[in-house]
Number of protein chains: 2
Amino acid sequence: MDAPLVTLPREVEVINIGLPLFARSVADQGRPVQQVEWRIPAGGDRRAVAALQVLYGPRAAAIDEANAEVVRRLDRGVPVLVDVATAGDVVPDFGDRTILHCGPPIEWTRVCDPLRRSIRAAVVAEGWAGDVAAAHRLLEDGVIRLEPANHHGVVVPMATAIGPSAPVFVVVNQEGGTRAFAPINQGPGDVAWFGRETDAAVERLRFLRDVAGPMLRWIVRRAGPIDVLSLASQGIQMGDDIHMRTQAATNLLLRNLLPWIAEYDGPGRVEFARYVSGNHLFFLNLAMAAAKSLTLWAEQVEGASIVTSMARNGTDFGIRLPGSDRWYLAEAPPVEDALYYSGYGPQESARDIGDSAVLELVGLGGPAAAGSPAVAAFLGGTMRDAIRATEEMAQICVGESSRFKLPTLDNRGTPVGVDVRRVVELAIRPKINTGILHVSQGIGQVGAGVATAPIGCFVDALLALAGPGS
Amino acid sequence: MDAPLVTLPREVEVINIGLPLFARSVADQGRPVQQVEWRIPAGGDRRAVAALQVLYGPRAAAIDEANAEVVRRLDRGVPVLVDVATAGDVVPDFGDRTILHCGPPIEWTRVCDPLRRSIRAAVVAEGWAGDVAAAHRLLEDGVIRLEPANHHGVVVPMATAIGPSAPVFVVVNQEGGTRAFAPINQGPGDVAWFGRETDAAVERLRFLRDVAGPMLRWIVRRAGPIDVLSLASQGIQMGDDIHMRTQAATNLLLRNLLPWIAEYDGPGRVEFARYVSGNHLFFLNLAMAAAKSLTLWAEQVEGASIVTSMARNGTDFGIRLPGSDRWYLAEAPPVEDALYYSGYGPQESARDIGDSAVLELVGLGGPAAAGSPAVAAFLGGTMRDAIRATEEMAQICVGESSRFKLPTLDNRGTPVGVDVRRVVELAIRPKINTGILHVSQGIGQVGAGVATAPIGCFVDALLALAGPGS
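Residues numbered from 1 in each chain as written. Chains lettered and ligands numbered in written order. Predicted model: local features only at pLDDT ≥ 70, side-chain atom pairs only at ≥ 80, totals over all residues. Heavy atoms only, no water.

## Brief notes about the relation of the copies chain A and chain B
Move 1: Of the two same-sequence chains, chain A is brought onto chain B (RMSD 0.1 Å, axial shift 0.0 Å) by a rotation of 180°. Such a turn and shift between the copies fits a two-fold axis. Closest approach to the rotation axis among the C-alpha atoms of chain A is made by Met238 of chain A, whose C-alpha sits 2.1 Å away.
Move 2: Looking at chain A, 100% of its interface residues are interface residues in chain B too, so the copies touch through the same face. (Least-squares fit on C-alpha atoms with pLDDT ≥ 70 in both. Contact = heavy atoms within 4.5 Å.)

The structure is reproduced here in structure tokens:
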């Protein structure tokens, strides 16, 4: 027998860098293998790589220091609910004949169908038009000004649009002094924030203004101030992600408010109780206002690479960095990893919409997926799928929450502080747990799922941060 | 160099049976090891081994068939809350001048301190005595009859004692037709079910009778029937074990009832709202009544080896098997794996007490530990510790719940159906998540923890089931 040309080793142990395919085939053959995650930085985009070299190179120390302060503010601010008030009375620079809408700035002609309907419903609820057709003409004629809610310290979920008579939660960040606002959640069903403009949808807006708002104002002034994120952190321990699911936090809040609900002697107590009993997303808007009060504080820090605005109007997806008003835009993505109501699917689905992605910036929503069986249902069904989503977010985040703790990960904090450098370098984009609206017929919600942020706006933000010299 | 006397193998792979110590030392040396769980059956008790030989031998098929039916009933019964009523009006054979107490039958002279106080408080609340001293004399004189709540289809948590005027939840098992009852939870603080007999504790009993009972009756008759275990199964997904922690299920129930709470126009609406707002164990008693309605159905099956009563009066720990009224008793154990309120410890702690262990028989409490961060805190702090507790229960249970699903275990059902054969064979005793009362001074709750059932009553039940022939 001839001697072998090559002497094969008797034992093989492999370290594989990059494509996991090779590692898997070694493992399949029963040998030990260490997989090292590695990908081509920024997908090989040369301008982005050059920017990263600057931002991870000479400027890294300054950015890291700014980022640490941004994360501290996102993590340590203490937003408390202090009041419920009429938007026009408390929101800065609301202006006449103005509707605040979700997402980055947009002209009427580019507004998507569900948001158009919601804006028209708000115009009718304000009494500026007798019906949605008349409202449409006012909007076409440019008589009504459209303003991004985000430019006024306000955040609104899904396709919400509000006029000055809408009641808003007033949330103050006790550490940073920043104030933020969000309207009262409109609840499920035939409602404008889901892109409906029926009489019932308009009526719900009037109910919030005339019944729920005054009653909540009476209650909050007696029960408050309420530490919003203390409730959120308990919710996280109870399977909420505080975005797609706010069931536990809603219920905790309502049990806290129960004595005042029972005591309230004004009109509509029973009507309000029925509305809130049927609305497990009641806490959503409050959590958003709390998150916004944190990002408003964080965005005062100059020179950081952490995203402090992330919002969608159904047409554009936009982000902003601290110390600047500039939006970096990309096309709003579709919502994937979705579960649809019976009879609907991707073809009937509007694009990702709403300001609720502010939650993903402070450690809620996508970053908290690992704690939420309800979110896991959208990501493959098991807690392992949900844990993977949180771990992916951790790769692009700078810090960990000291208040939102995940039991499934040994009480590790949720990832906080989305760093545009990491997003672009790793080409891992934030995931946002969200609802899905019908694209064109005003049918309302047709499902829910997970949207993945588009990469373009992160690359643009990165290039701008690096400056023209890079 | 001499040849070695023994040729050592170059690779060692070990299968270790029994004591895990050996397996660990192999693993510590970096070699593969398979640990096989094995212990001496029944700890080597010859009578028990003989009984097991009969019950796992010639009679195994008949017992397994009976057990399957018992598990089906525990798992598939549908307990619904249909009413809140005065105990004396609805509880079978309540009798005059009778107090129902937790646990197996017991004479006054053997009753532990916290239960004595609770009984005296109930006697005063009934108006049979002007104060607790007078109540004490009536009890010493045997004028008042003590009856185990369990003998009347009633279950009561901790040191609860009730007279005929107490309001009770009426729960009907829609599948099996069995009815069970539980009083309204007394809430935290200065309360009789924690072994207090102050004026405030008596006042709370009167409040439940005069305010909460009538109001809940009005509400339940409008809102009901309410599927109790549907709420419990949602609670499990939200971190409740539905014994030590019922926060999520309580809140779900209250949000469901909110419209009627707001609508109620009788006296005490605000007082009731304050009481229930501060009571996160409100759901506990309701879950117990639901569990009891299942065990009442299951215990109609003859010849099974699955425990259908498990209750403690603070002196004795007792179990019963289907088809028989006989209690098998052992000394009530201390509560271990405990967290104490500041200033207290094991030396001030009463023994394990209450009927709430009925929950552990239907897949709640200990069997549901793996889903509960709150319970994990008592078992070592991590979800792994809690998962271990559930896995241990699974070893002594015959089935898995089809409704209580644990997200942390890929939605596996909680273990259901404690088989005395397995308990004795493996010497693994059920664990019960429970509170701890002060042993002697009427101080109330001093902590919470996990009690491990004593083995003696299981051995006695096993021997009785095997019969004198074994």
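Next comes the rest of the description.
## Description of the packing of helix H9 (residues 247–263) of chain A against helix H9 (residues 247–263) of chain B
Move 1: Two elements in contact, H9 of chain A and H9 of chain B, have axes whose closest approach is 9 Å; the angle formed by their N-to-C orientations is 50°. In terms of orientation, H9 of chain A lies oblique with respect to H9 of chain B. Seen along the crossing, H9 of chain A lies across H9 of chain B with a hand that is left-handed. Packed against H9 of chain A, whose contacting residues are Gln247, Thr250, Asn251, Leu252, Leu254, Arg255, Leu258 and Ile261 of chain A, the element H9 of chain B presents Gln247, Thr250, Asn251, Leu252, Leu254, Arg255, Leu258 and Ile261 of chain B at the interface. (Axes fitted to C-alpha atoms, helices over the stretch in contact; angles between N-to-C directions. Helix = DSSP H or I, 4+ residues; strand = E, 2+ residues; numbered from the N terminus. Parallel < 35°, antiparallel > 145°, perpendicular 65-115°, else oblique. Left-handed = near helix turned anticlockwise from the far one by under 90°.)

## Things to note about the domain arrangement of chain A
The extent of an interface is frequently quoted as the accessible surface area lost upon association of the parts.
Move 1: Along its sequence, chain A is organised into domain 1 (1–38) and domain 2 (46–466).
Move 2: Here the C-alpha centroids of domain 1 of chain A and domain 2 of chain A sit 47 Å apart. (Domains from an automatic or database assignment.)

## Examining the pairing of strand S8 (residues 179–183) of chain A
Residue and element names in this part refer to chain A.
Move 1: Most of S8 is tucked away: four of the five residues are buried.
Move 2: Strand direction decides the pairing type here: strand S7 (residues 167–173) and S8, joined by five bridges, are antiparallel. Within S8, the position partnered with Val172 by the bridge is Arg179.
Move 3: Hairpin geometry of S7 and S8 is characterised by an intervening segment of five residues between the two adjacent antiparallel strands and by a positive phi of about 80° at Gly177. (Buried < 20%, exposed > 50% of the residue type's maximum accessible area, 1.4 Å probe, protein only. Pairing = 2+ DSSP bridges.)

## A word on helix H5 (residues 113–125) of chain A
Residues and elements named next belong to chain A.
Move 1: Relative to the 18 Å expected for 13 residues at 1.5 Å per residue, H5 spans 18 Å between its end C-alpha atoms, a close match to the ideal helical length.
Move 2: Buried within H5 we find Pro114, Leu115, Arg116, Arg117, Ser118, Ile119, Arg120, Ala121, Ala122, Val123, Val124 and Ala125.
Move 3: Directly after H5, the chain includes Gly127, whose backbone phi takes a positive value near 85°. (Expected span 1.5 Å × (residues − 1).)

## Concerning the packing of helix H2 (residues 46–55) of chain B against helix H15 (residues 456–466) of chain B
Residue and element names in this part refer to chain B.
Move 1: At a minimum axis distance of 9 Å, the contact between H2 and H15 shows a crossing angle of 50°. By the angle between their directions, the pair H2 and H15 is classed as oblique. Read as a crossing pair, H2 and H15 show a hand that is left-handed. Contacts from Arg47, Ala48, Ala51, Leu52 and Leu55 of H2 reach H15 at Leu462, Leu463, Leu465 and Ala466.

## Description of helix H7 (residues 199–223) of chain B
All names here are of chain B.
Move 1: Here H7 spans 33 Å end to end across 25 residues, near enough to the 36 Å set by a 1.5 Å rise per residue.
Move 2: At Leu208, H7 shows its maximal kink, close to 40°.
Move 3: Among the residues of H7, those classed as buried are Ala201, Val202, Leu205, Phe207, Leu208, Val211, Ala212, Gly213, Met215, Leu216, Ile219 and Val220.
Move 4: Lining the buried residues of H7 we find strand S3 (79–86), helix H5 (113–125), strand S7 (167–173), H9, helix H10 (269–277) and helix H11 (282–298). (Bend = angle between axes of the 7 residues up to and from the residue.)

## Structural notes on the environment of Asp210 of chain B
All names here are of chain B.
Move 1: Residue position: Asp210 is located in helix H7.
Move 2: In sequence terms Asp210 and Ala166 are 44 residues apart; their C-alpha atoms lie 9.2 Å from each other.
Move 3: One polar contact links Asp210 to Arg209, side chain to side chain, over a distance of 2.9 Å. (Polar contact = N/O pair within 3.5 Å; in protein donor to acceptor, adjacent residues only side chain to side chain.)

## Comments concerning the interface of chain A and chain B
Move 1: Residue-level contacts link 35 residues of chain A with 35 residues of chain B.
Move 2: For the chain A and chain B pair, buried surface summed over both sides reaches about 2,800 Å², with 56% attributable to carbon and sulfur atoms.
Move 3: Ranking the residues of chain A by area buried against chain B places Met238, Arg255 and Leu258 of chain A at the top, with a combined share of 25%.
Move 4: Run the count over chain A and chain B and you get four salt bridges.
Move 5: Here Glu263 of chain B ties to Arg274 of chain A by a salt bridge, and the two come within 3.5 Å at their closest N and O atoms.
Move 6: At the boundary of chain A with chain B, the tally comes to ten residue pairs in polar contact (both at pLDDT 80 or more).
Move 7: Of all the elements in the fold, those that place two or more residues in the side of chain A that touches chain B are H9, helix H10 (269–277) and helix H13 (383–396) of chain A.
Move 8: Examining the composition of the side of chain A that touches chain B, we find that 13 residues originate from one element, H9 of chain A, more than from any other.
Move 9: By residue class, the composition of the side of chain A that touches chain B is 14 nonpolar, 13 polar and eight charged. (Buried area = accessible area lost by both parts, 1.4 Å probe. Salt bridge = Lys/Arg side-chain N within 4 Å of Asp/Glu carboxyl O. Nonpolar A, V, L, I, M, F, W, Y, C, P; charged D, E, K, R; others polar.)

## Things to note about unusual backbone geometry
Residues and elements named next belong to chain A.
Move 1: For the peptide bond that leads from Gly224 to Pro225, omega is -5°, which places it in the cis range.
Move 2: Counting through the fold element by element, Pro225 comes out in the loop between helix H7 (199–223) and strand S9 (226–227).
Move 3: In this structure, Asp93 takes a positive phi of about 55° despite not being glycine.
Move 4: Relative to the helices and strands, Asp93 resides in the loop between helix H4 (87–90) and strand S4 (98–101).
Move 5: If you check the backbone angles, Ile242 has positive phi at about 60° while not being a glycine.
Move 6: A relative accessible area of 0% places Ile242 in the buried class.

## Overview of the side chain of Thr434 of chain A
Move 1: With respect to the helices and strands, Thr434 of chain A occurs in strand S17 (residues 431–437).
Move 2: Within the structure, the side chain of Thr434 of chain A is placed 3.3 Å from the side chain of Arg312 of chain A, a separation counted as a polar contact.

## Quick notes on the pairing of strand S16 (residues 412–418) of chain A
Residue and element names in this part refer to chain A.
Move 1: The element S16 is extensively covered by neighbouring structure, given that six of its seven residues are classed as buried.
Move 2: Bridge count for strand S15 (residues 397–406) against S16 is five bridges, and the pairing is antiparallel. Counterpart to Gly399 in the pairing with S16 is Val416.
Move 3: Between the end of S15 and the start of S16, which pair antiparallel, lie five residues, with Asp410 showing a positive phi angle near 55°.

## A few points about the state of the cysteines
Disulfides are covalent bonds that connect the sulfur atoms of two cysteines.
Move 1: Tallying each qualifying case throughout the model produces zero disulfides over all chains.
Move 2: Sulfur of Cys112 of chain A: no disulfide; nearest cysteine sulfur belongs to Cys102 of chain A and is 7.0 Å away. (Disulfide = S-S within 2.5 Å.)

## Quick word on the packing of aromatic side chains
Move 1: Going through the model one piece at a time under the given rule, you end up with twelve aromatic pairs over all chains.
Move 2: Between the aromatic rings of Phe272 of chain A and Tyr275 of chain A, the centroid separation amounts to 5.9 Å while the plane-to-plane angle is 55°, which identifies the pairing as tilted. Of this pair, Phe272 of chain A and Tyr275 of chain A both sit in helix H10, three residues apart, which is roughly one turn of that helix.
Move 3: Under the relative-accessibility criterion, Phe272 of chain A is labelled buried at 1%.
Move 4: What makes Tyr275 of chain A buried here is its relative accessible area of 7%.
Move 5: Centroid distance Trp218 of chain B to Tyr264 of chain B: 5.3 Å. Interplanar angle 65°. Geometry classified as edge-to-face. Taken together, the residues span a long stretch of sequence, with Trp218 of chain B in helix H7 and Tyr264 of chain B in the loop between H9 and H10 at a distance of 46 residues. (Phe/Tyr/Trp six-rings, centres within 6.5 Å; stacked < 30°, edge-to-face > 60°.)

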